[in-house]
Structures are given as structure tokens and as C-alpha cells.
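Examination of the molecular architecture
One-letter residues, chain by chain:
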Amino acid sequence: LAGNKLRTLLSLSGITIGIFCVIMVLSAVDSLEANIQDSFKQLGDDVVYISKMPWGESPQEGNFWKYQRRPETDYRDYEVILEQTQTADIATFTVFIGNGSAESKTSNASNVFFIGVTNHYKDMFGLKFSKGRYFTPAEFYKGTNHIIIGYDVAQTLFRPSENPIGKYIKVKGQRLQVIGVLEKEGKDLINPLDFDGAGLIPYNTTRKYINLKKAGFNRGRTSISVKAKKGVRLETLQAELT
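In this report, we go over the structure that sits alongside the text. (Residues numbered from 1 in each chain as written. Predicted model: local features only at pLDDT ≥ 70, side-chain atom pairs only at ≥ 80, totals over all residues. Heavy atoms only, no water.)

**Overview of the overall build of the protein**
Broken down by element type, the protein carries 8 helices and 9 strands. Taking all 242 residues of the protein together, the buried fraction comes to 36%. Pairs at least 24 apart in sequence give 68% of the contacts found in the protein among residues at least 6 apart. Total accessible area on the protein is roughly 14,600 Å²; 54% of this is exposed by carbon and sulfur atoms. (Helix = DSSP H or I, 4+ residues; strand = E, 2+ residues; numbered from the N terminus. Buried < 20%, exposed > 50% of the residue type's maximum accessible area, 1.4 Å probe, protein only. Contact = heavy atoms within 4.5 Å. Areas by Shrake-Rupley, 256 points an atom, 1.4 Å probe, with all protein chains shown as cover.)

Here it is as C-alpha cells:
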């Protein structure tokens, strides 16, 4: 070691660099795994999703048009699930209205994804608020002209010094009052539900704006989400729902 100082230095440097490379790779893998797990936590590992189309199905797939001919899940299906299932904790009915624009007095937000939701949507997906609140049962029942917007939508429509709560925005020709702003979620590697760019509307309000029975290809798609009771296996819930 003393007689070959340069060789010793190079050897130690090589070993050190190798160790750091291994640590960095392992850290990157752990970070990637945590990111993916956090992304899918939104969906829940105890939730069954019911819809006419499998996720990720494209027109190029052989079964696409077979699935397309299926009827959409409807509100009556949702009501029957609430009335008859013994293994479900909560359930929600969702209408995916599609992308559109929202206008405030000072700005315009494009490509906002609007969703019609029912009472337990907040609990199903663990929604958190930076400002305001969720819909009340009375607001759901009456179909009031209220909306909850994502963080990015609020940043686009309102100035930083401006409180969006109580303000009115125009959506699909209708004036809706903002009652809540969701916390910023950020950009995960896999983001199945991007609430930062979303607008949530009560289901009975949604019925005023679109005809669910004659919804177009990219409008009015519906889904039912059912969360299992504590201790109930997902397979048991799925079997009962079937």
C-alpha cells in the first residue's frame, strides 16, 4: 500500500464508486416502488370497479366492439347494490362527463375533466381539501349548482391572493359555485385519477347537463365503485356483486 500509492488510490476510488453506484440503484428502485404503490393507493386494494369497458381496452383490441355494445352501468344498478349487498361497506356511482373548459371572471381553464359523483366519493378516494368542503347530502339530493375543483384548476382560474370559495365559474353554459378546492396531488409515475385537473359535480346536478341515456362515445361514461367491509375478501365481494 505504501509502495504503490497511486494504485492504492485508484483501487480505493473504484471500490468507493462501485459501492455508491449500488446504493443509488437500490435507492432508485425503492423510490420507484413507493411511487407506484402510492399511485395505486388511490384506487384501493379493497374496491371493486364495475363498468362496461375493461381498463386499457382500445379499438385495436379484438373485443373492443363487443364491450362497446354493452349497456352502461346506471343509477338503478347502484341503488340495488346499496340495498342488497351484505359484504359492501360503501359504494359510489360516477359519471365521467369528459374534458371541457371552465371560465371565471378573469381567466379560462381548458381541458378540465368533469366528473359527476355521489355521496361517498370523498370517502372512497380519500379526497383532501386545501380550501372549502365536500358536498352535503342535501346538496346531492337537490342537485345544487355547486362544484369542487382541483388544485391546478383553481390556480388557473383565480389569482393567488383570491379565495375561490363562494366564487362562480361557468361550465358548459351553467354557473356553478365553487365550494371546495382539493389539495395538490402532484405528478406520480402512474396517476390513475388526476384530481389536480378535475371538477367534481353532484350526480343530480350532472343530470341537468347531459342525457345519460343518449350519451356520446366520449361522454357520460359511468362506473360503480364498491368498497368491501373490513375483513371481507375482495373475491367474496366480487362474487356477491356478480
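**Quick look at the pairing of strand S3 (residues 108-117)**
Here strand S2 (residues 88-103) pairs with S3 via 7 bridges, running antiparallel. Bridge pairing in S3 places Phe96 opposite Ile115. Where S2 folds back onto S3 in an antiparallel hairpin, the turn is made up of 4 residues. As judged from the 5 bridges shared by S3 and strand S8 (residues 198-202), these two strands associate in the parallel manner. Following the sheet pairing, Phe114 is matched in S8 by Gly199. (Pairing = 2+ DSSP bridges.)

**Comments concerning the packing of aromatic side chains**
Across all of its chains, the model carries 13 aromatic pairs by this definition. Centre to centre, the rings of Phe93 and Tyr203 are 5.3 Å apart; their planes meet at 85°, and the pair counts as edge-to-face. Remark: Tyr203 occurs in helix H7 (residues 203-209) and Phe93 occurs in strand S2; sequence separation between them is 110 residues. Each residue in the set Tyr75, Tyr78, Phe93 and Tyr203 is aromatic and connected to the rest through ring pairs, giving one cluster. (Phe/Tyr/Trp six-rings, centres within 6.5 Å; stacked < 30°, edge-to-face > 60°.)

**Quick look at a nonpolar patch on the surface**
A surface patch of nonpolar side chains, amounting to about 510 Å² of accessible area, comprises Leu12, Ile15, Ile19, Phe20 and Ile23. With respect to the helices, strands and loops of the structure, Ile23 is situated in helix H1 (residues 5-41). Owing to a relative accessible area of 44%, Ile23 belongs among the partly exposed residues under this scheme. (Patch = residues over 30% accessible without salt bridge, like charges linked within 9 Å, V, L, I, M, F, W, Y side chains within 5 Å. Salt bridge = Lys/Arg side-chain N within 4 Å of Asp/Glu carboxyl O.)

**Observations concerning the pattern of salt bridges**
Between side chains of opposite charge, a pair can form when the charged atoms approach closely. The tally for this structure, following the rule as stated, stands at 8 salt bridges. In this structure, Glu72 engages Arg221 in a salt bridge whose closest nitrogen and oxygen atoms are separated by 3.2 Å. You can see Glu72 sitting in the loop between helix H2 (64-68) and helix H3 (75-84) and its partner Arg221 sitting in strand S9 (residues 221-228), a full 149 residues away along the chain. A single network of salt bridges, built from pairs that share partners, joins Arg76, Glu79 and Glu83.

**Some remarks on the nonpolar core**
In terms of nonpolar packing, the biggest core is built from 30 residues, with Phe114, Ile147, Ile149 and Ile169 touching the most fellow members. Examining the composition of this core, we find that 6 residues originate from one element, S2, more than from any other. (Core = buried A, V, L, I, M, F, W, Y, C linked by side-chain atoms within 4.5 Å.)

**Considering unusual backbone geometry**
Leave glycine aside and you will find that most residues have negative phi; peptide bonds, for their part, are mostly trans. With a phi close to 60°, Asn111 is a non-glycine residue in the positive phi region. With respect to the helices and strands, the residue Asn111 is situated in strand S3. Unusually for a residue other than glycine, Lys172 sits at a positive phi of about 50°. Mapping Lys172 onto the fold places it in the loop between strand S6 (168-171) and strand S7 (174-182). Judged by its relative accessible area of 41%, Lys172 falls in the partly exposed class.

**What about the environment of Leu82?**
Here Leu82 is to be found in helix H3. Here Leu82 falls in the partly exposed class, since its relative accessible area comes to 45%. On a C-alpha basis, the gap between Leu82 and Thr92 in space is 9.2 Å, while along the polypeptide they are 10 residues apart.

**Notes on a positive patch on the surface**
On the surface, Lys105, Lys167, Lys170 and Arg175 cluster together to form a positively charged patch. Examined against the element boundaries, Lys170 turns out to sit in strand S6. Classification of Lys170 by relative accessible area gives partly exposed; the value is 42%. (Lys, Arg positive; Asp, Glu negative; His and termini not counted. Charge placed at Lys NZ, Arg CZ, Asp CG, Glu CD.)

**Re the environment of Lys172**
The sequence separation of Lys172 and Gly100 amounts to 72 residues, and the corresponding C-alpha distance is 7.6 Å. With near-sequence residues (within four places) excluded, Lys172 lies in contact with Ile97, Asn99 and Phe114.

**Brief notes about the side chain of Thr85**
Looking at the secondary structure, you find Thr85 in the loop between H3 and S2. The exposure class assigned to Thr85 is buried, which follows from its relative accessible area of 16%. Polar contacts involving the side chain of Thr85 include one to the main-chain carbonyl oxygen of Ile81, which spans 2.6 Å. Those residues in contact with Thr85, other than ones at most four positions away along the chain, are Val80, Glu240 and Leu241. (Polar contact = N/O pair within 3.5 Å; in protein donor to acceptor, adjacent residues only side chain to side chain.)

It is worth stressing that arrangement in space is one thing and function is another; only the former is reported here.
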